[in-house]
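Spelled out from the first residue to the last, the chains are:
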Amino acid sequence: MTESFRRSGEYPQGDDHQATDPMRAAYPQQQPVSSSPVNPEWPPPPAYAPVAPVAVDPGTTVWPGAGQGGDGGAGGHGAGGAYAGYPEPDAVSSTAVLQAQPVPAAPAPAPKKRAKGTIALLAAVAIVAAAIGGGTAYGIQELTGKDTASSSTSTTVVAAAKKGTVAGVAQAVSPSIVEVSATSNAGSSTGSGVIISSSGEIITNNHVISGASEIKVQLSGGKSYTAKVVGTDSKKDLALIKLENAPSGLKVATLGNSDGVQVGDDVVAIGSPEGLTGTVTSGIVSALNRDVTVSTDESQGQQQQQGGGSGQWPFSFGGQQFNGDTGSSTTTYKAIQTDASLNPGNSGGALIDMNGNIVGINSAMYSAANSSSSSSSAGSVGLGFAIPINTVKSDLASLRAGGSDS
C-alpha cells in the first residue's frame with residue numbers, strides 16, 4: 001500500500017545525485033533521507049532547522065513567515081532552486097503574527113419570568129384574608145378587584161348569568177330555606193329556618209320553637225318532616241333543630257361573613273310569612289349594630305302562639321316596646337337593621353347578600369298592629385332586624401352540644 005503514495009523516481013539518491021544536488025551543496029551535513037530515486041518535479045522539502053516557536057498571547061494565531069522561494073519566486077515551483085516549490089527560510093526566522101479578533105461572548109439568557117410568583121402571592125394573601133375576614137373567595141375577590149355585589153361575600157352561590165339579581169339569589173337560595181311549624185299545648189306558631197348541613201341541621205329563632213311539643217318542617221319542594229330540638233340559646237334567640245330521617249340531596253345554605261356587610265348593601269329576605277312558604281322580599285341594609293332586646297321567657301312565645309299579641313315576637317329598641325311587652329326576662333344582641341319587608345313567619349328565615357350568602361337570621365320586625373288593633377292592619381313598615389351570621393357561626397358548637405339553656 002505504501003507504494004501507492006510514491007511515484008517512480010520520487011526520492012532518488014546516490015552519488016551522482018549527491019554531487020549535483022544543490023541542497024547538499026548548501027547543507028553538506030544533511031544526510032539522505034531515502035534510497036529511492038527522486039523525481040525532479042517533486043523535490044524533497046528543505047532540511048533546515050525548524051523555526052523556533054514564538055511566544056504570543058492567548059487567542060493569537062501564528063503563521064510561519066514566507067521566504068523568497070515562494071510560489072513564483074526565485075526558488076518557486078518548477079524553478080529547480082535550492083527550495084524549489086517551498087518557501088525559503090528567512091535569515092532571522094521571521095514569523096507573521098496575526099492577532100485574533102476576540103470572539104464576543106454569547107449573551108446570557110434572559111432570566112425566565114416567574115409567572116407563578118404573582119399567583120403564589122395572591123394565593124398566600126387570599127388565605128390570610130380568608131382567615132381574617134371569614135372566606136377564601138372573599139379574600140381573592142378583594143385582591144383581584146372583581147366586581148362583587150357585597151363585601152360580605154365568602155363565595156358566589158348565584159349563577160353567573162344572574163349574578164347580582166334578586167331572581168338569581170332567590171333561585172340559588174330558596175331550596176335552603178324551610179318553613180317551621182311548632183305545636184304546643186298553648187297553640188301553634190309558624191316561622192322559618194335555614195338548612196346548614198346535609199344531615200338536616202336547621203338554624204331558626206329560639207322563640208319560634210320555644211315550648212313546642214312537636215316540630216314539623218316543610219322543605220321548599222313541599223315535603224314535610226318531623227324535627228327535634230338539638231340545642232337552644234335564648235340569650236341570642238337561636239335554636240338548632242334537626243330533621244328526623246332527613247332525605248339525601250338537601251340544599252345546604254352558604255354562610256357568609258356578616259362583618260363585611262355595609263350600610264346600603266342590597267339584601268334579600270326569604271321566609272314563610274303567614275305560612276306563605278318561600279316568600280322573597282328585598283331591600284337594603286339600613287343600619288348596623290342595633291341593640292335589640294328580646295324576651296328569654298318561654299311564656300312570651302306561648303302568648304304569641306295563643307294570639308294574645310300582634311302575632312310577632314315582642315322586642316325592645318331605643319327604649320320603646322314593639323309588638324307587646326318583652327317581660328322581665330330579656331337579652332340584648334347587636335343586630336343588622338334592614339328595610340326588606342318582614343312579616344310574621346319570617347322569624348328564623350334568611351337575610352342574604354346578592355352573591356347568595358347568608359349574612360343574618362331574621363329575628364324581629366316592627367308592626368303597626370297591636371293588641372287593640374285588628375290583625376289586618378299588621379304588616380311590614382320597613383323596620384326589621386337580623387342576628388348577624390357570625391354570631392350564629394360562633395354559637396354553633398354550643399348549640400350542637402345542647403345549647404346554653406340545657
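Caption draft 1: Broad picture of the overall build of the chain. Within the chain one finds 8 helices and 16 strands. Pairs at least 24 residues apart make up 65% of the contacts formed inside the chain by residues separated by at least 6 positions. Total accessible area computed for the chain in this model is approximately 21,100 Å², and 53% of it derives from carbon and sulfur atoms.

Caption draft 2: Geometry of the sheet that holds strand β6 (residues 214-218). One closed barrel accounts for 6 strands, arranged β3-β4-β5-β8-β7-β6; its pairing is antiparallel. When the angles between neighbouring strand axes are averaged without regard to direction, this sheet yields 40°. Where strand β4 (residues 187-195) and strand β5 (residues 201-204) come together, 2 bridges link them in antiparallel fashion. Bridging across to β5, Ile195 finds its partner in Ile202.

Caption draft 3: Structural context of unusual backbone geometry. Positive phi is not limited to glycine here, since Asn245 has a value of about 55°. On the secondary structure map, Asn245 appears in the loop between β8 (238-243) and β9 (266-271). For Glu274, which is not glycine, the phi dihedral falls at a positive 55°. The residue Glu274 is located in the loop between β9 and β10 (279-295) in this model.

Caption draft 4: Spotlight on the nonpolar core. With 31 residues, the main nonpolar core has Val173, Val194, Ile203 and Ile358 as its most contacted residues. Looking at which element gives the most residues to this core, the answer is helix α8 (residues 389-400), with 4 residues. Grouped together as the second largest cluster of nonpolar side chains are 15 residues, Val178, Val180, Val208 and Ala227 included.

Caption draft 5: Region of the structure containing α8. Relative to the 16 Å expected for 12 residues at 1.5 Å per residue, α8 spans 16 Å between its end C-alpha atoms, a close match to the ideal helical length. By the burial criterion, the buried members of α8 are Ile389, Asn390, Val392, Asp395, Leu396 and Leu399. Two residues or fewer after α8 comes Gly402, characterised by a positive phi angle close to 115°.

Caption draft 6: Just the side chain of Asp265, in detail. In this fold, Asp265 is placed in the loop between β8 and β9. Salt bridges are absent for the buried Asp265, whose nearest opposite-charge side chain, Lys163, sits at 14 Å. Among the polar contacts listed, one links the side chain of Asp265 to the backbone nitrogen of Gln262, at a separation of 2.9 Å.

Caption draft 7: Region of the structure containing helix α5 (residues 166-173). The complete set of buried residues in α5 reads Gly168, Val169, Ala170, Ala172 and Val173. Those residues of α5 that are buried are in contact with β3 (177-184), β9, β10, β14 (350-353) and β15 (358-367).

Caption draft 8: Representation of the environment of Ile209 in the model. Residue placement: Ile209 occurs in helix α6 (residues 206-209). The sequence separation of Ile209 and Lys228 amounts to 19 residues, and the corresponding C-alpha distance is 9.9 Å. Ignoring any residue separated from it by four or fewer positions in sequence, one finds Ile209 in contact with Val180, Ala182, Thr204, Ile215, Val229, Thr232 and Ala239.

Caption draft 9: Geometry of the environment of Lys393. Counting through the fold element by element, Lys393 comes out in helix α8. Note: C-alpha distance between Lys393 and Asn257 (136 residues apart in sequence) is 9.6 Å. Beyond its immediate stretch of four places on either side in the chain, Lys393 contacts Leu255 and Gly256. A distance of 2.7 Å separates the side chain of Lys393 from the backbone oxygen of Gly256, its partner in a polar contact.

Caption draft 10: Here's a closer look at the confidence of the model for the chain. Scored by pLDDT, the chain has a mean of 73; 51% of the residues are at 70 or more. Low confidence marks residues 91-97, where pLDDT is under 50. Its contacts with residues over four positions away, or in another chain, come to 16 contacts. Per-residue pLDDT stays below 50 along residues 371-376; that stretch engages in 2 contacts with residues further than four places along the chain or on separate chains.

Caption draft 11: How the structure looks around the pairing of β15. Taken across its 10 residues, β15 has 9 buried, putting it largely inside the fold. Relative to β15, β14 runs antiparallel, the two being bridged by 3 bridges. Each residue of the ladder has a partner; that of Ile352, found in β15, is Ile358. As consecutive antiparallel partners, β14 and β15 are separated by 4 residues, and within that stretch Gly356 has a phi angle of approximately 90°, a positive value.

Caption draft 12: Representation of the environment of Ser398 in the model. Position of Ser398 relative to the elements: it lies in helix α8. As a C-alpha pair, Ser398 and Gly231 span 167 residues in sequence and 7.7 Å in three-dimensional space. In contact with Ser398, not counting residues within four places along its chain, are Gly403 and Ser404.

Caption draft 13: Region of interest: the pattern of salt bridges. Inspection of every chain in the model, using the stated rule, returns 3 salt bridges. We note a salt bridge from Arg400 to Glu201, for which the minimum N-O separation is 2.8 Å. Placement of the pair is Arg400 in helix α8 and Glu201 in strand β5, with a sequence separation of 199 residues. Between Lys334 and Asp291 there is a salt bridge; the shortest N-O distance is 2.8 Å. Here Lys334 is found in strand β13 (residues 330-338), whereas its partner Asp291 is found in strand β10, with 43 residues between them in sequence.

Rules used in this analysis
Residues numbered from 1 in each chain as written. Predicted model: local features only at pLDDT ≥ 70, side-chain atom pairs only at ≥ 80, totals over all residues. Heavy atoms only, no water. Helix = DSSP H or I, 4+ residues; strand = E, 2+ residues; numbered from the N terminus. Contact = heavy atoms within 4.5 Å. Areas by Shrake-Rupley, 256 points an atom, 1.4 Å probe, with all protein chains shown as cover. Pairing = 2+ DSSP bridges. Axes fitted to C-alpha atoms, helices over the stretch in contact; angles between N-to-C directions. Core = buried A, V, L, I, M, F, W, Y, C linked by side-chain atoms within 4.5 Å. Buried < 20%, exposed > 50% of the residue type's maximum accessible area, 1.4 Å probe, protein only. Expected span 1.5 Å × (residues − 1). Lys, Arg positive; Asp, Glu negative; His and termini not counted. Salt bridge = Lys/Arg side-chain N within 4 Å of Asp/Glu carboxyl O. Polar contact = N/O pair within 3.5 Å; in protein donor to acceptor, adjacent residues only side chain to side chain. pLDDT = per-residue confidence, 0-100.

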